[in-house]
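Chain by chain, the residues run as shown.
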Amino acid sequence: PKPSPCITVQQNAEAYYYDVTCKYIENNIDSAFTLKHISQFAMVSPSYLERLFNSFAGMSVIQYCNSRKVEHAKQLIREDRMNISQIALSLGFSSIHYFSRIFRKIEGMAPSDYARSVKSLEDHSKLLNT
């Protein structure tokens, strides 16, 4: 049998800081995040936090925050209880334009186009099931 790889104290600490920070982001997804704010919460330097996220997530802290916000936005769009402006505000974006730019960068389409595609898929599914 192969020996299991040893996890160093440093690797364990890095995983801990990453996990705690990710949970903080999820639990405060409606906040307007800054690198400084998040690093203060995690009690690590901004550069250390950036290195962690680049290592674990393959992206910067703010890119990670934005990707999580877009995932939440997609869920809210599918629930169809709020309009795009309300969703942007509920996720802590400073403007609908900034939200739309981030959404388009991550998803390759505007939030309104995503909403139309979801609606179209739902309508198509209803037709198939009748």
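Coordinates for the structure precede this section.
On a predicted model such as this, the values are computed, not experimentally measured, just so you know. Counting from 1, residues in each chain are numbered in the order their sequence is written. The predicted nature of this model means local features are confined to residues of pLDDT at least 70 and side-chain atom pairs, given and counted, to a pLDDT of 80 or more, with totals for whole chains, interfaces and linings taken over all residues. Water and hydrogen atoms play no part in the side-chain values, which are based on all heavy atoms of the structure.

### Describing the nonpolar core
For this analysis, a nonpolar core means a set of buried residues of the types Ala, Val, Leu, Ile, Met, Phe, Trp, Tyr and Cys, connected via side-chain atoms within 4.5 Å. Under the scheme applied here, a residue whose accessible area is under 20% of the maximum for its type counts as buried, over 50% as exposed, and between as partly exposed, the area being computed with a 1.4 Å probe on protein chains only. Counting residues in each nonpolar core, the largest one holds 29 residues, and the members touching the most others are I25, F53 and F99. Taken together, the elements giving at least two residues each to this core come down to helix 1 (9-27), helix 2 (35-42), helix 3 (46-56), helix 4 (61-79), helix 5 (84-90), helix 6 (96-107) and helix 7 (111-128). Under the DSSP-based scheme used, a helix requires at least four consecutive residues in state H or I and a strand at least two consecutive residues in state E, with every element numbered from the N terminus. Here this core takes 7 residues from helix 4, the largest share from any one element. Beyond its immediate stretch of four places on either side in the chain, I25 contacts F33, I38, F53, Y64 and C65. Every residue pair with non-hydrogen atoms within 4.5 Å of one another is taken to be in contact.

### Side note on the pattern of salt bridges
Any two side chains of opposite charge can pair, so long as their charged atoms come close to each other. We define a salt bridge as a contact between a side-chain nitrogen of Lys or Arg and a carboxyl oxygen of Asp or Glu at a distance within 4 Å. Counted according to the given criterion, the structure contains 5 salt bridges. With a shortest N-O distance of 2.4 Å, R68 and E26 are connected by a salt bridge. Separated by 42 residues along the polypeptide, R68 in helix 4 and E26 in helix 1 bring together distant segments of the chain. Given a relative accessible area of 24%, R68 falls into the partly exposed group. Residue class for E26 comes out partly exposed when judged on its relative accessible area of 26%. The partner of E79 in a salt bridge is R81, with the nearest N and O atoms 2.8 Å apart.

### Observations concerning the side chain of T21
Structurally, T21 is set in helix 1. Apart from the residues within four sequence positions on either side, T21 is in contact with I38, A42, L49 and F53.

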